[in-house]
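Each chain, written out:
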There are 2 protein chains.
Amino acid sequence: MEAILLAIGDELTSGQTLETNSAWLAQQLAKRGIWVRGHRTVRDDRADIAAALAEAADAAELVLVTGGLGPTADDLTRQGLAQAMGAELVTDDDSLRQIEDFFARRNRPMNEGNRIQAMLPESAEVLPNPIGTAPGIAARVGGSLVLVMPGVPREMRKMFQEQIAPRLANGEKVILFSSVHLAGIGESDAGGILADLMCRSGDVIVGTTASGGTVSARITARGSSLAQAQQRIEQVAGQIRDRLGSKVFGEGEATLASAVGDLLTRRGQSVSTAESCTGGLVAKLLTDVPGSSGYFRGSVVAYDNQVKQRLLGVASGDLEAHGAVSQAVAAAMARGARSSLGTDWALSTTGIAGPGGGSGEKPVGLVYLAVAWEGGTQVFEHRYPGDRETMRLRTALGALDHLRRRLLGPQEARDA
Amino acid sequence: MEAILLAIGDELTSGQTLETNSAWLAQQLAKRGIWVRGHRTVRDDRADIAAALAEAADAAELVLVTGGLGPTADDLTRQGLAQAMGAELVTDDDSLRQIEDFFARRNRPMNEGNRIQAMLPESAEVLPNPIGTAPGIAARVGGSLVLVMPGVPREMRKMFQEQIAPRLANGEKVILFSSVHLAGIGESDAGGILADLMCRSGDVIVGTTASGGTVSARITARGSSLAQAQQRIEQVAGQIRDRLGSKVFGEGEATLASAVGDLLTRRGQSVSTAESCTGGLVAKLLTDVPGSSGYFRGSVVAYDNQVKQRLLGVASGDLEAHGAVSQAVAAAMARGARSSLGTDWALSTTGIAGPGGGSGEKPVGLVYLAVAWEGGTQVFEHRYPGDRETMRLRTALGALDHLRRRLLGPQEARDA
């Protein structure tokens, strides 16, 4: 079975917003053995939407559409679909009641535009939206099944999983994707170590990507059953783990923060952070993980030197002699967090995030990270290139990786 | 003048790689007054590429194509273009020499596939690639100009700037984009207030989007000169500001955190945060802004109740009587941050981020935010729907917006 994906919105065609729904949907369909033939992005124009729907329905049995279901005058997907079907728009009473309920529960007045969200082409079917006001639509255009979802990624994903996925027949071959996530190694070095696995043919394909500060090995496997594809993935993932050792921190949905959380949970230990240049980002990443209250106690974001002294007990002499961005202050911050927050482990960050504040001796990108525990304190110096955002993310991930290696054992900490 | 953008590659249609070239190109074209009508992503298939090229050339005068020019067997853009033109592929001697030079300079053997990179359809023209092996192609399909670039973003951007941009006649009209960012109002309410501005015709188009927790009014203006388009943007932005008043927090690159930073800088005042459920996110958002060390002093992330007591001075009686997620504790946290971090203003957050930890009385999504200043403390109760990530982002943005309104004045704080 083949599919075409259609994304609708002026903010997408103009490039103001990056279109990410189609990439996510393509991966979901691949898992079910449905092959995506192409994507199209169309502006908020009724005639263009109708024409794209008709062309897509000509070219594939399945058409998934996202966007243009909102409550405002520029949302025209409903109208474009009706035109492609040669049908009138009618109000669906159940949908209208659900939208009214949505606003009543939130004590907010309902807008006239929301009434249009309850309309759909005659003979089409409603796909309920439990977390937003825009219901989805299932319809037929020519011989093809057309399924329309909201453009908001969170609502789209929920609707796909709950309403769309159960309607899709599986294709002949199953395709599975998996990712093995790496830390402390660059993409080209990882590519060198995995070169012979990265051939472009056969039922398993390996590639590398770098995204959000993390390098990953991507595995794509086809099989005549889910079990066979899964087994092929597992075999290659095993080879990657063997070659890269402790540089592998997890697979699939794992993050560096969740990997650290798993190790702390296993030991029944706790962690805190003392952050200067990352400004709360390490704590934010740790608390992104559901259940992190089991091991994360808190953090002192000490942007100001007085806060470093008052809440973390950093000596004014260290600040004067070495400056805030120094090995001595990083160590004192980590020890201070450990003692004032009462945790087994503590992480600290201090560095020059830029764009201003750098000097010849201490350039933008210079950072000191420390890990403190009952047995000691270890400080690491790094130079992270890139803009402010990139530097802060790399610093936060670097700090988490140093803690992860220390939690694995002294040998892994040395390899970092 | 209208354009259609075509991106080619299996890794794009399958969703393994996010297609970002088209968004970048659309913005480049808009600056030159060329309107992008739509994007298409096509797999590495000669017939699909030829069909998409023919359809695009039918629909627009200009077609920009990226990808599928590489040296491997799955790169078929050249062949698809030749098929759409009804032309043969011939070798371009200059290109072949340049590719041979490219490898000679790097002391690397040249692959047979690289020889194909020097081929192009008869009557087409070569676009040199100074930083890669794949030359681009300029050709005519029907009455339309088709310009083909490599898919690697770095090579594509350089070729666009050096080879393509100078060939593009500026459209008759210049197109400018701007966004007016809103807080404390939902997208449908904003759409209701701006409904009459959101008509689909004329030289100014207004739309709304919700992205990253922020609702924005997007303005697109055409003009016969940059100054005229700018003036049209400014006129509509003024109308939006008049109607939405203090709900407008900024335009363009502004964020809620940078708006708060501007207000604090103007007053010469400082801020700190005490965070429970947001786990450092408010501090992270504040310190995303370059120069935030001018007003942001630090933060206590108090995930644990003992940290709330020890570092923020929250009374154990309040924690026992009301629980950590309560009006009393939110107020005590903000007051505690203000005094222990020594700032003019302080923000606090405490709530139930989920997925676990909710109860009938205190469900997931319940949050208390407080703002403390010399004159008092104000606490706000909210229920933010959505998953853990969404709830945390809305909480952090809500806290920043309450501070922003209080900084604007008591009247704006009451309207919140």
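Residues numbered from 1 in each chain as written. Chains lettered and ligands numbered in written order. Predicted model: local features only at pLDDT ≥ 70, side-chain atom pairs only at ≥ 80, totals over all residues. Heavy atoms only, no water.

**Student:** Teacher, can you tell me more about the overall build of chain A here?
**Tutor:** Within chain A, the secondary structure is distributed over 16 helices and 17 strands. Taken over the C-alpha atoms alone, chain A extends approximately 80 × 55 × 45 Å along its principal axes. Taking all 416 residues of chain A together, 56% fall into the buried category. When contacts within chain A are restricted to residue pairs at least 6 apart in sequence, long-range pairs at least 24 apart make up 66% of them. Each charge class in chain A was averaged separately, 42 positive and 47 negative side chains, and the resulting centres sit 6 Å apart. (Helix = DSSP H or I, 4+ residues; strand = E, 2+ residues; numbered from the N terminus. Buried < 20%, exposed > 50% of the residue type's maximum accessible area, 1.4 Å probe, protein only. Contact = heavy atoms within 4.5 Å. Lys, Arg positive; Asp, Glu negative; His and termini not counted. Charge placed at Lys NZ, Arg CZ, Asp CG, Glu CD.)

**Student:** Explanation requested: the side chain of Thr278 of chain B in the structure shown.
**Tutor:** Mapped onto the secondary structure, Thr278 of chain B falls in the loop between strand 13 (271-275) and helix 11 (281-287). Excluding anything up to four places from it in sequence, Thr278 of chain B contacts Thr287 of chain A together with Thr349, Arg392, Thr395 and Ala396 of chain B.

**Student:** Can you help me understand the packing of helix 12 (residues 305-312) of chain A against helix 14 (residues 327-341) of chain B in this one?
**Tutor:** A packed helix pair is summarised by two numbers, namely the angle formed by the two axes and the spacing between the axes. Look at helix 12 of chain A against helix 14 of chain B: their axes get within 10 Å of each other, and the N-to-C directions meet at 110°. Between helix 12 of chain A and helix 14 of chain B, the interaxial angle falls into the category roughly perpendicular. Of the residues in helix 14 of chain B, those in contact with Val307, Arg310 and Leu311 of chain A of helix 12 of chain A are Ser339, Ser340 and Leu341 of chain B. Within the contact of helix 12 of chain A with helix 14 of chain B, the residues separate by chemical class into three nonpolar, two polar and one charged. (Axes fitted to C-alpha atoms, helices over the stretch in contact; angles between N-to-C directions. Parallel < 35°, antiparallel > 145°, perpendicular 65-115°, else oblique. Nonpolar A, V, L, I, M, F, W, Y, C, P; charged D, E, K, R; others polar.)

**Student:** Looking at this model, I keep getting lost on the confidence of the model for chain A. Mind explaining?
**Tutor:** Parts of the model with low pLDDT should not have their predicted coordinates read in detail. For chain A, per-residue confidence averages 91 on the pLDDT scale, and 98% of positions sit at 70 or higher. Two summary scores accompany this predicted model of the complex, namely pTM at 0.75 and ipTM at 0.74. (pLDDT = per-residue confidence, 0-100.)

**Student:** Is there a simple way to think about the pairing of strand 8 (residues 144-149) of chain A in this case?
**Tutor:** Here is the key point about a regular strand: its side chains alternate between the two faces of the sheet. All names here are of chain A. Counting buried positions along strand 8 gives six out of six residues, so the element sits mostly inside the fold. Neither face of strand 8 is exposed, since Ser144, Val146 and Val148 on one face and Leu145, Leu147 and Met149 on the opposite face are all buried. Pairing analysis gives five bridges linking strand 3 (residues 62-66) to strand 8, with the strands arranged parallel. By the bridge assignment, Leu64 is partnered in strand 8 with Leu147. Judged from the five bridges that link them, strand 7 (residues 136-141) and strand 8 form a sheet pairing that is antiparallel. Note that in strand 8 the partner of Arg140 across the bridge is Leu145. (Pairing = 2+ DSSP bridges.)

**Student:** Would you mind going over the side chain of Arg40 of chain A with me for this structure?
**Tutor:** In this fold, Arg40 of chain A is placed in strand 2 (residues 35-42). Here Glu55 of chain A takes part through its side chain, which lies 2.6 Å from a polar atom of the side chain of Arg40 of chain A. Not counting residues up to four positions away in its chain, the partners in contact with Arg40 of chain A are Leu5, Leu6, Ala7, Ala52 and Glu55 of chain A together with His39, Arg40 and Glu55 of chain B. (Polar contact = N/O pair within 3.5 Å; in protein donor to acceptor, adjacent residues only side chain to side chain.)

**Student:** How do you make sense of the interface of chain A and chain B when you look at a structure like this?
**Tutor:** Put simply, an interface is often sized by how much accessible area is lost when its parts join up. Every contact between the two is made by 73 residues of chain A and, on the other side, 73 residues of chain B. In this assembly, chain A packs against chain B so that about 5,800 Å² is buried in total across both faces, 51% of it on carbon and sulfur atoms. When the area that chain A buries against chain B is broken down by residue, the three leading residues are Gln16, Arg154 and Tyr303 of chain A, summing to 10%. Our count for the contact surface shared by chain A and chain B stands at 12 salt bridges. Between Asp304 of chain A and Arg297 of chain B there is a salt bridge, with the nearest N and O atoms lying 3.9 Å from each other. It is strand 2 of chain A that provides the largest number of residues to the side of chain A that touches chain B, a total of eight residues. Grouping the amino acids of the side of chain A that touches chain B by side-chain chemistry returns 26 nonpolar, 24 polar and 23 charged. Note: strand 2 of chain A against strand 2 (residues 35-42) of chain B, five bridges, orientation antiparallel. Bridging across to strand 2 of chain B, Gly38 of chain A finds its partner in Val42 of chain B. (Buried area = accessible area lost by both parts, 1.4 Å probe. Salt bridge = Lys/Arg side-chain N within 4 Å of Asp/Glu carboxyl O.)

**Student:** What exactly am I supposed to notice about the sheet that holds strand 16 (residues 366-373) of chain A here?
**Tutor:** Sheet strands associate in pairs through backbone hydrogen bonding, adopting either a parallel or an antiparallel arrangement. Ordered by their spatial adjacency, 10 strands build an open sheet running 17(A)-16(A)-15(A)-13(A)-14(A)-14(B)-13(B)-15(B)-16(B)-17(B), and the pairing between neighbours is mixed. Only two strands of the sheet have a single partner each, and these edge strands are strand 17 (376-383) of chain A together with strand 17 (376-383) of chain B. For this sheet, the mean inter-axis angle between neighbouring strands, taken without regard to orientation, is 15°. Where strand 16 (residues 366-373) of chain B meets strand 17 of chain B, eight bridges bridge the pair, whose relative direction is antiparallel. Pairing of Val371 of chain B across the sheet is with Gln378 of chain B, part of strand 17 of chain B. Contacting strand 13 (271-275), strand 15 (345-351), strand 16 and strand 17 of chain A, helix 15 (residues 388-408) of chain A runs over the sheet at an angle of about 30° to strand 16 of chain A. Its contacts with the sheet put helix 15 (residues 388-408) of chain B on strand 13, strand 15 (345-351), strand 16 and strand 17 of chain B, and the angle it makes with strand 16 of chain B is roughly 30°.

**Student:** Explain the packing of helix 10 (residues 256-267) of chain A against helix 15 of chain A to me, please; I cannot follow it from the model alone.
**Tutor:** All names here are of chain A. Where helix 10 meets helix 15, the closest approach of the two axes is 9 Å, and the angle between their N-to-C directions is 30°. As summarised for this structure, helix 10 and helix 15 are arranged roughly parallel, according to the angle between their axes. Pair helix 10 / helix 15 crosses with left-handed handedness. Every residue of helix 15 that contacts helix 10 at Leu256, Ala257, Ala259, Val260, Leu263, Leu264 and Arg267 is listed here: Leu397, Leu400, Asp401, Leu403, Arg404, Arg406, Leu407 and Leu408. The residue inventory of the contact of helix 10 with helix 15, partitioned by class, reads 11 nonpolar, no polar and four charged. (Left-handed = near helix turned anticlockwise from the far one by under 90°.)

**Student:** Honestly, the sheet that holds strand 10 (residues 204-211) of chain A in this entry has me stumped. Any pointers?
**Tutor:** Residues and elements named next belong to chain A. Spatially, the four strands line up as an open sheet ordered 10-11-9-12, and their pairing is antiparallel. On the outer flanks of this sheet lie strand 10 and strand 12 (248-251), each paired with one strand and no other. With strand direction ignored, the average angle separating the axes of adjacent strands in the sheet is 25°. Here three bridges tie strand 9 (residues 174-182) to strand 12, and the two strands are oriented antiparallel to one another. Looking at strand 12, one finds that His181 is bridged to Gly250.

**Student:** Can you help me understand the environment of Ala332 of chain B in this one?
**Tutor:** All names here are of chain B. One can find Ala332 in helix 14. On the basis of relative accessibility, which here comes to 12%, the residue Ala332 falls in the buried class. Linking Ala332 and Ala370, residues 38 residues apart in sequence, is a C-alpha distance of 8.8 Å. Look past the residues within four positions of Ala332 in its chain and what remains in contact with it is Leu312 and Val314.

**Student:** Help me out: how do you make sense of the environment of Gly70 of chain B in this one?
**Tutor:** All names here are of chain B. Locating Gly70 in the fold gives a position in the loop between strand 3 (62-66) and helix 4 (77-85). The sequence separation of Gly70 and Leu341 amounts to 271 residues, and the corresponding C-alpha distance is 57 Å. In this view, Gly70 contacts Asp75, Arg78 and Gln117; residues no more than four positions away in its chain are not counted.

**Student:** What is the right way to read the packing of aromatic side chains from this model?
**Tutor:** The way to describe two aromatic rings as a pair is by their centre distance and the angle between their planes. Residues and elements named next belong to chain A. Counting across every chain of the model gives eight aromatic pairs over all chains. Ring centres 5.6 Å apart and planes at 85° place the aromatic pair Trp24 and Phe160 in the edge-to-face group. Of this pair, Trp24 sits in helix 2 (residues 21-31) while Phe160 sits in helix 7 (residues 153-164), and the two are 136 residues apart along the sequence. Above the plane of the ring of Trp35 lies Arg222, whose end atom (NZ or CZ) is 5.0 Å from the centre. (Phe/Tyr/Trp six-rings, centres within 6.5 Å; stacked < 30°, edge-to-face > 60°. Lys NZ or Arg CZ within 6 Å of the ring centre and 35° of its normal.)

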